[in-house]
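# Architecture at a glance
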Amino acid sequence: MKLYGIANRFRIDRPKRFRLAGHDPTECCGLTVDKKEAQAMLAAGVERLAELQERLYANDRWSVLIVLQAMDAAGKDSIIKHVMSGINPQGCEVHSFKAPSAEELQHDFLWRVAQRLPANGRIGIFNRSHYEEVLTVRVHKELLARQKLPKPLVGKDIWQQRFDDIRAFERHLARNGTLILKFFLNISREEQRRRFLDRIDEPAKRWKFSMSDVAERKLWDEYMAAYEEMIRQTSTPEAPWFVVPADHKWFTRMVTAGAIVQALQALKLDYPKVAGRALKELRKAEKLLKAEK
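Structure report, in brief. Just so it is clear, the model here is predicted, and its values are computed rather than measured. (Residues numbered from 1 in each chain as written. Predicted model: local features only at pLDDT ≥ 70, side-chain atom pairs only at ≥ 80, totals over all residues. Heavy atoms only, no water.)

Moving on: the overall build of the protein. Of the regular secondary structure elements, the protein holds ten helices and five strands. A principal-axis box enclosing the C-alpha atoms of the protein has dimensions of 75 × 50 × 40 Å. Long-range pairs, those at least 24 residues apart, make up 82% of the contacts in the protein with a sequence separation of at least 6. For the protein, the distance from the average position of its 52 positive side-chain charges to the average position of its 39 negative side-chain charges is 4 Å. (Helix = DSSP H or I, 4+ residues; strand = E, 2+ residues; numbered from the N terminus. Contact = heavy atoms within 4.5 Å. Lys, Arg positive; Asp, Glu negative; His and termini not counted. Charge placed at Lys NZ, Arg CZ, Asp CG, Glu CD.)

Written out as structure tokens, the structure is:
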């Protein structure tokens, strides 16, 4: 599908030059499609993704980790619902990282995500992730004090140290067969405001809204600075960031689906070959089953 080739345009391959201001949340690459066309294009991608997941599961050598980060209302849940709709639930697990528990605070900041990593043959989706430690915790510095770090270790270099730790962690995963794809859903402040108002107006969506959402909007600039630094520091060849325009949900889903499909196709996954004694056993079983007629 032509649209899937567009996904590479949003991959950050030169992070040192990255500027969030240079990425338009309303971007659609000049494409205009109606709702039916968008649904048909996404459906084709979902079908292909389901086929690739089956190969991944059967191959049992690789795992896939998909990281979704964004401001509230950018569409993380929508990506999971629509893009991953064709995936076999037995081969996929979604985990949302909320505020750390008392047990989690007794460990290093990567401990809790390490417990949720996907096994071989499976896809893991992090709805928020270890990156909250250089985003929310960085913006709300009082949260750092709750992490029980020895005082001599909490210095001006702590954020750089965490970036170093995250890069090393993801490099280790990649070297052990985890395909890592990270998506920042880049929503504009105005579009977030509109979606919040839609949630308030729609009774079935009001439960999603919290007054804390309004409070966090006041820290928009601080969050954008934190996201920009995060992407500069942690978009690597083995764990790239995709900065996906998020003001148009149909386009966000297409780009995300396209990036995942392309990455899985590049693994060139094959079904395990049955040969030798195992094949002879299959032929024997085939004869027995046919004889039942």
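With a phi angle near 75°, Ala73 is a residue other than glycine that sits in the positive phi range. Inspection of the secondary structure puts Ala73 in the loop between strand S1 (63–70) and helix H2 (76–83). One non-glycine residue with positive phi stands out, namely Lys268, at about 55°. In this fold, Lys268 is placed in the loop between helix H9 (249–266) and helix H10 (276–291).

Looking now at the packing of aromatic side chains. Across all of its chains, the model carries seven aromatic pairs by this definition. Aromatic side chains Phe183 and Phe242 sit 5.2 Å apart centroid to centroid with 25° between the ring planes, which places their arrangement in the stacked category. Within this pair, whereas Phe183 is found in strand S4 (residues 178–186), its partner Phe242 is found in strand S5 (residues 241–245), the two being separated by 59 residues in sequence. The class of Phe183 is buried, set by a relative accessible area of 0%. Residue classification places Phe242 among the buried residues on the basis of a relative accessible area of 3%. A ring pair is formed by Phe184 and Tyr227, whose centres lie 4.4 Å apart and whose planes are at 25°; its orientation type is stacked. With Phe184 in strand S4 and Tyr227 in helix H8 (residues 220–234), this residue pair connects regions lying 43 residues apart in the sequence. Note on accessibility: Phe184 and Tyr227 belong to one class, buried. By the ring-pair criterion, three or more aromatic residues cluster together here, those being Phe10, Trp250 and Phe251. One residue, Arg162, lies across the ring of Phe109, its end atom 4.6 Å from the ring centre. (Phe/Tyr/Trp six-rings, centres within 6.5 Å; stacked < 30°, edge-to-face > 60°. Buried < 20%, exposed > 50% of the residue type's maximum accessible area, 1.4 Å probe, protein only. Lys NZ or Arg CZ within 6 Å of the ring centre and 35° of its normal.)

Once that is clear, we can look at a nonpolar patch on the surface. On the surface, a nonpolar cluster with roughly 230 Å² of combined accessible area is contributed by Leu149, Leu153 and Val154. Checked against the element boundaries, Leu153 lands in the loop between helix H4 (136–139) and helix H5 (158–175). (Patch = residues over 30% accessible without salt bridge, like charges linked within 9 Å, V, L, I, M, F, W, Y side chains within 5 Å. Areas by Shrake-Rupley, 256 points an atom, 1.4 Å probe, with all protein chains shown as cover. Salt bridge = Lys/Arg side-chain N within 4 Å of Asp/Glu carboxyl O.)

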